[in-house]
Structure formats: C-alpha cells, structure tokens
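Single-letter residue listing:
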Amino acid sequence: MVTDLKLQLTIDCAEPERLAAFWADALGYEVEPPPAPFATWRAYWLNQGVPEEELGEGDCSDSVIDPRGAGPRIWFQQVPEPKGVKNRLHLDLRVSGGRSVPFATRKERVLTEMKRLESAGASALRVEDSESSGSIAVVMQDPEGNEFCVH
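A short tour of the structure in this document, coming up. Bear in mind that the values here come from a model prediction, so they are computed numbers and not experimental data. (Residues numbered from 1 in each chain as written. Predicted model: local features only at pLDDT ≥ 70, side-chain atom pairs only at ≥ 80, totals over all residues. Heavy atoms only, no water.)

Another point: the environment of Ile-74. Looking at the secondary structure, you find Ile-74 in strand E4 (residues 73-78). A relative accessible area of 3% places Ile-74 in the buried class. A C-alpha to C-alpha distance of 27 Å links Ile-74 and Glu-128, two positions 54 residues apart in sequence. Setting aside anything within four residues of it in sequence, one finds Ile-74 in contact with Leu-9, Ile-11, Leu-27, Tyr-29, Asp-62, Ser-63 and Val-64. (Helix = DSSP H or I, 4+ residues; strand = E, 2+ residues; numbered from the N terminus. Buried < 20%, exposed > 50% of the residue type's maximum accessible area, 1.4 Å probe, protein only. Contact = heavy atoms within 4.5 Å.)

As structure tokens, this is what we get:
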C-alpha cells in the first residue's frame, strides 16, 4: 500500500517556461515558486551545483502547482526531440458545468474558454458540437502542439 503518494504529471516539451506560463493560466494554477531563500529556480539550481550550460535561458521556472492543493504538480521537462505524434494522454478542461446545465449555456462556456485559451497561445483544431446528443467540446493544442480538450 502506498501511503505518501503525490501525483506529478510530466509533460515533455521544448520550452518549459513558456508551457508553464500557458498551463498556469489555462488551469488556474500558479508557476511554482523556487525554494526559499532563492529568488529564481536558476539561482536554486546553480546553488545545487547544476552547471550554467545545462540550465538554458530564463529563470528555469518549469513547473506549475494548484494553489488550492487539490490538483497534481505539473512539470514541463525539456527534451531535445520534437513532438512527433498524437498524445496518448491529454488533459480535459471541464468548464461547461455538465449535462444538468442547458446546452446553450454549456456551449457558450466552452466557446468562451476556447477564445480565452486562444488568446493565451493555444489553437483550436476542431469543435465537436451536437445539440441532438448534448455534446459540446473543442479539441485544442497548447503552444507546442500538445492536444487537450475543453468541454
């Protein structure tokens, strides 16, 4: 039995700081602050002996956390290879309120969130809209092409 399990989601990417900022905004998370007394993650990692050339550019902020403590920490791991194929795992952002909410209201909520995320750097791939089945969803990509859904 696992007694102290903490779930972390790791997403491979090319630009960790960029994706951390995007997903913090998309999820209502915050970019994880560095450990005290360090002003930046770069300062922390340099103090830990990580060579400057391994740190790349920026302040090295590469993770986001749920300020309520309910959701998992998400770490954006820089990898050298580009994304090659469709994700086998993706995030669903559930903003509609569920089937107890009238379809028109759900659709408005989903499309409003789609527009907000597009202004933050995401792109919509397709809208799946079927009033007859009561289904509304948007398949989107984050700034590096990782698929996610808004419904």
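The next thing to look at is helix H4 (residues 103-119). In a regular helix each residue adds 1.5 Å, so 17 residues correspond to 24 Å; H4 covers 24 Å between its end C-alpha atoms and thus fits that length. Those residues of H4 not exposed but buried are Phe-103, Arg-106, Val-110, Glu-113, Met-114 and Leu-117. Each buried residue of H4 lies within a common arc of 105° when the element is viewed along its axis, so the set occupies one face. For H4, exposure combined with an orientation more than 90 degrees from the buried face picks out Ala-104, Glu-108, Lys-115 and Ser-119. Looking at the buried residues of H4, the elements they touch are helix H1 (16-27), strand E5 (91-93), strand E6 (123-130), strand E7 (135-141) and strand E8 (147-150). Just past H4, the residue Gly-121 takes up positive phi, approximately 120°. (Expected span 1.5 Å × (residues − 1). Arc of directions from axis to C-beta.)

Moving on, we get to the sheet that holds E6. The four strands lie next to each other as E5-E8-E7-E6, forming an open sheet whose pairing is mixed. The two strands at the open ends of the sheet, each matched to only one other strand, are E5 and E6. Direction aside, the axes of adjacent strands within the sheet are offset by 20° on average. Relative to E5, H1 is tilted by about 40°, and along the sheet it contacts E5 and E8. On top of the sheet, H4 reaches E5, E6, E7 and E8; it is set at about 10° to E7, its chief contact. (Pairing = 2+ DSSP bridges. Axes fitted to C-alpha atoms, helices over the stretch in contact; angles between N-to-C directions.)

A word on the pattern of salt bridges. Evaluation of the coordinates by the stated rule reveals nine salt bridges. Ionic pairing is found between Arg-116 and Asp-25, a salt bridge with its closest N-O pair at 3.0 Å. Remark: Asp-25 occurs in helix H1 and Arg-116 occurs in helix H4; sequence separation between them is 91 residues. The salt bridge involving Glu-128 is made with Arg-126; its shortest N-O contact spans 3.0 Å. Residue Arg-126 is classed as partly exposed on the basis of its relative accessible area, which comes to 45%. The structure contains a network of salt bridges with shared partners spanning Asp-25, Glu-113 and Arg-116. (Salt bridge = Lys/Arg side-chain N within 4 Å of Asp/Glu carboxyl O.)

Next up on the list: H1. Taking 1.5 Å per residue as the helical rise, H1 with its twelve residues ought to reach 16 Å, and the 16 Å between its terminal C-alpha atoms agrees with that figure. Those residues of H1 lying buried are Pro-16, Leu-19, Ala-20, Phe-22, Trp-23, Ala-24 and Ala-26. Taken from the residues just after H1, Gly-28 is the one with a positive phi, measuring 70°.

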